[in-house]
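Overview (structure and organization)
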Amino acid sequence: MLLALAADVVAAQVPPQVFMRYALPAFVLVLLMLAGVALFRRREEQRARWLPLDSRASSPRSSMKIAMPLMLARYFHRHEAALRLREYVVAFALLAVPTAMIARQPDLGTALLVAAAGFYVSFSRASRGN
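Quick caveat, the model's predicted, so the values are computed rather than measured.

The next subject is the confidence of the model for the protein chain. Regions with low pLDDT should not have their predicted coordinates read in detail. Looking at the protein chain, pLDDT values average 84 and 82% of them are 70 or higher. Looking over the protein chain, one finds the lowest element-wise mean pLDDT in strand S2 (residues 56-58), namely 59, and the highest in helix H4 (residues 85-103), namely 92.

Next up, the structure:
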């Protein structure tokens, strides 16, 4: 818990512009890693959720829990002048694609967490209005 608290304190010192700058590259990278999990898992490993990297393995699912709300926050910030139904449809697509990819691994728990993180960003933006 102390480590998480220390990470929160450090993250609070970072200007929001830094998070916005890296939100899109992080989202795309994690999305590509999720696609890699689907493409490179062995057929006999239908429940495989890890991306093989040399002698190590990486699971991009947890990274999406961070990348998703950052990406949606960036998207809504860039379109806050004119938020219409179209912007919410695009945000839903940004949320639905990685959620579906994670659910197919199958990992419904993480898929629901990613969906909830994106939903809360979208909901908080919608409740604030223009």
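Moving on, we come to helix H1 (residues 2-13). For H1, with twelve residues, the first-to-last C-alpha span of 17 Å sits near the 16 Å given by 1.5 Å per residue. Where burial is concerned, little of H1 is hidden: zero out of the twelve residues are buried.

Glancing now at the pattern of salt bridges. Using the criterion set out here, one finds three salt bridges in the structure. The partner of Arg 61 in a salt bridge is Asp 107, and the shortest N-O contact between them spans 2.9 Å. Here Asp 107 lies in the loop between H4 and helix H5 (108-128) and Arg 61 lies in helix H3 (residues 61-78), a separation of 46 residues in the sequence. Residue classification places Arg 61 among the buried positions, given a relative accessible area of 10%. Residue classification places Asp 107 among the buried residues on the basis of a relative accessible area of 12%.

Here is what the cut-offs are and how they apply
Residues numbered from 1 in each chain as written. Predicted model: local features only at pLDDT ≥ 70, side-chain atom pairs only at ≥ 80, totals over all residues. Heavy atoms only, no water. pLDDT = per-residue confidence, 0-100. Helix = DSSP H or I, 4+ residues; strand = E, 2+ residues; numbered from the N terminus. Expected span 1.5 Å × (residues − 1). Buried < 20%, exposed > 50% of the residue type's maximum accessible area, 1.4 Å probe, protein only. Salt bridge = Lys/Arg side-chain N within 4 Å of Asp/Glu carboxyl O.

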